Amino acid sequence: MKIAQFSAFGKPDEVIRCVDVDDVGAPGPDEAVIDVLAFPINPADLLTIEGRYALRPPLPARLGAECVGRVIARGRDVRGLVEGDLVIPLDRDNWVQRKKVKAAQLVKVPSNVDPLQLAMLKVNPPTAHLMMTKYVKLQPGEWLIQDAANSGVGHCLIQIAKAAGIRSVNVVRRDGLADELKALGGDVVAVDGPDLGERVRAATNGAAIRLAIDAVGGEQIVRLGDCLTEEAVIVNYGLLSGENPQLTGHQTVFKRLWLTGFWLMPTLQRMAPAEIQEMYAMLAGRIAGGSLRVPVEATYPIEQIAQAVAQANAYRRTGKVLVTPNGPLG
Ligand SMILES: NC(=O)c1ccc[n+]([C@@H]2O[C@H](COP(=O)([O-])OP(=O)(O)OC[C@H]3O[C@@H](n4cnc5c(N)ncnc54)[C@H](OP(=O)(O)O)[C@@H]3O)[C@@H](O)[C@H]2O)c1
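Rules used in this analysis
- Residues numbered from 1 in each chain as written.
- Predicted model: local features only at pLDDT ≥ 70, side-chain atom pairs only at ≥ 80, totals over all residues.
- Heavy atoms only, no water.
- Helix = DSSP H or I, 4+ residues; strand = E, 2+ residues; numbered from the N terminus.
- Expected span 1.5 Å × (residues − 1).
- Buried < 20%, exposed > 50% of the residue type's maximum accessible area, 1.4 Å probe, protein only.
- Arc of directions from axis to C-beta.
- Contact = heavy atoms within 4.5 Å.
- Polar contact = N/O pair within 3.5 Å; in protein donor to acceptor, adjacent residues only side chain to side chain.
- Salt bridge = Lys/Arg side-chain N within 4 Å of Asp/Glu carboxyl O.
- Phe/Tyr/Trp six-rings, centres within 6.5 Å; stacked < 30°, edge-to-face > 60°.
- Lys NZ or Arg CZ within 6 Å of the ring centre and 35° of its normal.
- Near = heavy atom within 4 Å.
- Areas by Shrake-Rupley, 256 points an atom, 1.4 Å probe, with all protein chains shown as cover.
- Nonpolar A, V, L, I, M, F, W, Y, C, P; charged D, E, K, R; others polar.
- Domains from an automatic or database assignment.
- Buried area = accessible area lost by both parts, 1.4 Å probe.

1. Comments concerning helix H11 (residues 273-289)
Consideration 1: Across its 17 residues, H11 extends 24 Å between first and last C-alpha, which sits within 8% of the 24 Å expected from 1.5 Å per residue.
Consideration 2: For H11, every residue scored as buried is listed here: Ile276, Met279, Tyr280, Leu283, Ala284 and Ile287. One face of H11 carries all of its buried residues, which in axial projection span an arc of 130°. Away from its buried face by more than 90 degrees, H11 exposes Ala274, Glu278, Ala281 and Gly289.
Consideration 3: Among the structural elements, strand S5 (86-89), strand S7 (106-109), helix H3 (115-119), helix H4 (124-134), helix H5 (152-163) and helix H10 (264-269) are those in contact with the buried residues of H11.
Consideration 4: Residue glycine 290 follows H11 closely and has a positive phi angle near 85°.

Here is the structure:
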């Protein structure tokens, strides 16, 4: 079977390879074997290949934070899953044609839903949902502000906020995205700039914004801080600018802003299995119902993993890049 693998940290499209390895064999009593139908290429995967992510695996390394797969075999003790079920694994190393997984690590998802959307369910939708609900108890009608709003997480947050009656200010770094993000449910779309605070106050009628969600870091956080009310919370969850988060002394002392960070992995590890299943069932239901969707720019076969990674690493994409390692999906 084929997998994606890298043997040195470096520029992702230069070091990633599609290689042949032995098949996974039969499942143990508490395991299932799945055929991977699709996996997305996320910024964290690219950082992993560059050696810049929190997890630095021994080389040569497999990778891949998420995928959707179909159960093709299960061990004798496995309950609640049958051959043909679609599942998302909660473990990593998902850039493979086939994998053997402990059944307890699998979340069953609806089978009548676009598998490309299900392939993107594990990481970005719960990240958006948890950041919106974990830090500030926003009431319907209140506002939040986010940057990198045209990212996968950004798309999810707009739709999840809309469903909760929460209004969103969506900051992007380039023109031409307002129509798409407003059609999704975003209330205000603003291109980043030094006068962001003034423009956001004008667009929201001076609303007291109590939550900012940041994937960019650096001085972007200072500009988000300008848009916030006193004692608001800023949740930093990404490293897109490569710059450390910044705030001014005025913002920390006189405005008393709170800056914290979010990482999905330890958050999931602290959740009870039933709570995780319930959250993914809710989010999968939204995908099935059409109220949670992320645009797809391209799909590739696993043999073209280097081209897929190069496209995913490019700016100004119109959506996510995915790989369908067992052939195109009908
Ligand atoms: N902490 C967590 O647990 C967690 C979970 C999920 C995701 N994340 C992080 O969330 C971020 C978004 O992930 P994703 O999968 O949603 O991304 P994505 O769909 O691949 O999109 C990347 C987005 O980042 C924007 N971008 C890139 N560099 C930027 C910069 N310097 N300033 C402003 N915008 C920039 C791009 O804008 P253009 O279209 O203009 O190029 C694009 O909208 C990543 O940093 C990822 O690592 C963190």
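2. A look at the side chain of aspartate 214
Consideration 1: Mapped onto the fold, aspartate 214 is located in strand S11 (residues 211-214).
Consideration 2: A polar atom in the side chain of aspartate 214 sits 2.9 Å from the backbone nitrogen of valine 216.
Consideration 3: Polar contacts involving the side chain of aspartate 214 include one to the main-chain amide nitrogen of glycine 217, which spans 3.1 Å.
Consideration 4: Leaving out residues up to four positions away in the same chain, aspartate 214 has contacts with Asp147, Gln220, Ile221, Leu224, Ile234, Val235, Asn236, Tyr237 and Gly238.

3. Focus: the pattern of salt bridges
Consideration 1: Summed over the entire model, instances satisfying the criterion amount to 17 salt bridges.
Consideration 2: Here lysine 2 makes a salt bridge to aspartate 20, at a shortest N to O gap of 3.2 Å. With lysine 2 in strand S1 (residues 2-6) and aspartate 20 in strand S2 (residues 16-20), this pair connects stretches of sequence that are 18 residues apart.
Consideration 3: Judged by its relative accessible area of 58%, aspartate 20 is exposed.
Consideration 4: Between lysine 11 and aspartate 13 there is a salt bridge, with the nearest N and O atoms lying 3.1 Å from each other.
Consideration 5: By relative accessible area, which is 45% here, lysine 11 ends up partly exposed.
Consideration 6: Its relative accessible area of 25% is what places aspartate 13 among the partly exposed residues.

4. Details of the packing of aromatic side chains
Consideration 1: Within the structure shown, the criterion is met by three aromatic pairs.
Consideration 2: Considering the side-chain rings of phenylalanine 39 and tryptophan 95, the 5.1 Å spacing of their centres and the 10° angle between planes classify their relative orientation as stacked. Here phenylalanine 39 is found in strand S3 (residues 31-40), whereas its partner tryptophan 95 is found in the loop between S5 and strand S6 (98-102), with 56 residues between them in sequence.
Consideration 3: For phenylalanine 39, a relative accessible area of 0% translates into the label buried.
Consideration 4: The class for tryptophan 95 is buried, based on a relative accessible area of 0%.
Consideration 5: Here the basic side chain of arginine 56 rests over the ring of phenylalanine 9, its NZ or CZ set 4.2 Å away from the ring centre.

5. Comments concerning the site of the ligand
Consideration 1: Neighbouring the ligand are 25 residues; Asn150, Gly152, Arg173, Leu264 and Lys320 lie closest to it.
Consideration 2: With respect to the ligand, the backbone of phenylalanine 262 contributes an N or O atom lying 2.9 Å from a nitrogen atom.
Consideration 3: Here an oxygen atom of the ligand and a backbone polar atom of arginine 316 are 2.8 Å apart.
Consideration 4: Isolated, the ligand exposes 940 Å² of accessible area, and the fraction of that covered by the protein chains is 89%.
Consideration 5: Of all the elements in the fold, those that place two or more residues in the shell around the ligand are H4 and H5.
Consideration 6: Tallied by class, the residues present in the shell around the ligand amount to 12 nonpolar, eight polar and five charged.
Consideration 7: Counting contributing residues per domain, the shell around the ligand is built from domain 1 (2-119 + 296-323) and domain 2 (124-265), each supplying no fewer than three.

6. A look at the domain arrangement of the protein chain
Consideration 1: Taken as a whole, the protein chain is organised into domain 1 (2-119 + 296-323) and domain 2 (124-265).
Consideration 2: Between the C-alpha centres of domain 1 and domain 2 there is a distance of 30 Å.
Consideration 3: Each partner contributes to the interface: domain 1 provides 10 residues, whereas domain 2 provides six residues.
Consideration 4: For the pair domain 1 and domain 2, the summed buried area comes to about 740 Å², and 53% of that belongs to carbon and sulfur atoms.
Consideration 5: When residues of domain 1 are sorted by the area they lose upon contact with domain 2, Tyr53, Tyr315 and Arg316 head the list and together hold 39% of the total.
Consideration 6: Our enumeration of links across domain 1 and domain 2 arrives at one residue pair in polar contact (both at pLDDT 80 or more).
Consideration 7: Of the residues that constitute the side of domain 1 that touches domain 2, the class distribution is five nonpolar, one polar and four charged.

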